[in-house]
Amino acid sequence: MAERITNKLKQALTPQRLDVIDESHQHHGHGGWREGGETHFRVDIVSEAFSGKSRLERHRLVNAALSQELADRVHALAIVARAPGEV
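Please read these numbers as outputs of a predicted model, since none were measured by experiment.

Account for the side chain of Arg-58, with residues named and values stated.
Within the element layout of this structure, Arg-58 appears in helix 2 (residues 55–65). Judged by its relative accessible area of 8%, Arg-58 is buried. Here the side chain of Arg-58 touches Lys-53 through a polar contact of 3.0 Å, landing on its backbone oxygen. Engagement of the side chain of Arg-58 in a polar contact is seen with the side chain of Glu-86, the distance being 2.7 Å. Sequence-distant contacts of Arg-58, defined by excluding residues within four places in its chain, comprise Phe-50, Lys-53, Ala-81, Arg-82, Ala-83 and Glu-86.

I'd like a description of the environment of Ser-47, backed by residues and values.
Among the structural elements, Ser-47 can be located in the loop between strand 2 (40–46) and helix 2. Judged by its relative accessible area of 0%, Ser-47 is buried. Taking the C-alpha atoms as reference, Ser-47 lies 7.7 Å from Ala-81; in sequence the two are 34 residues apart. Leaving out residues up to four positions away in the same chain, Ser-47 has contacts with Leu-13, Thr-14, Pro-15, Arg-82, Ala-83 and Pro-84. A polar side-chain atom of Ser-47 sits 2.5 Å from the main-chain carbonyl oxygen of Leu-13.

Conventions adopted
- Residues numbered from 1 in each chain as written.
- Predicted model: local features only at pLDDT ≥ 70, side-chain atom pairs only at ≥ 80, totals over all residues.
- Heavy atoms only, no water.
- Helix = DSSP H or I, 4+ residues; strand = E, 2+ residues; numbered from the N terminus.
- Buried < 20%, exposed > 50% of the residue type's maximum accessible area, 1.4 Å probe, protein only.
- Polar contact = N/O pair within 3.5 Å; in protein donor to acceptor, adjacent residues only side chain to side chain.
- Contact = heavy atoms within 4.5 Å.

Next up, the structure:
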């Protein structure tokens, strides 16, 4: 799933930096957790596509790119989305 998320975000947002971290092990027994993991992810992404956009707009772009994954297996997605040059 992490590879699928990575590929989708690369295709949709052409990031300069992208880290996709599976944090499912931290949510064992939590709602949405499933045997085998791949349910809770953290995405840290830097893309020119976020320039001039609000935090909400940036999250919407990421969620739109991953709509299939969010509807399928991914239960939670933590997003840090920045434009180039932002700390």
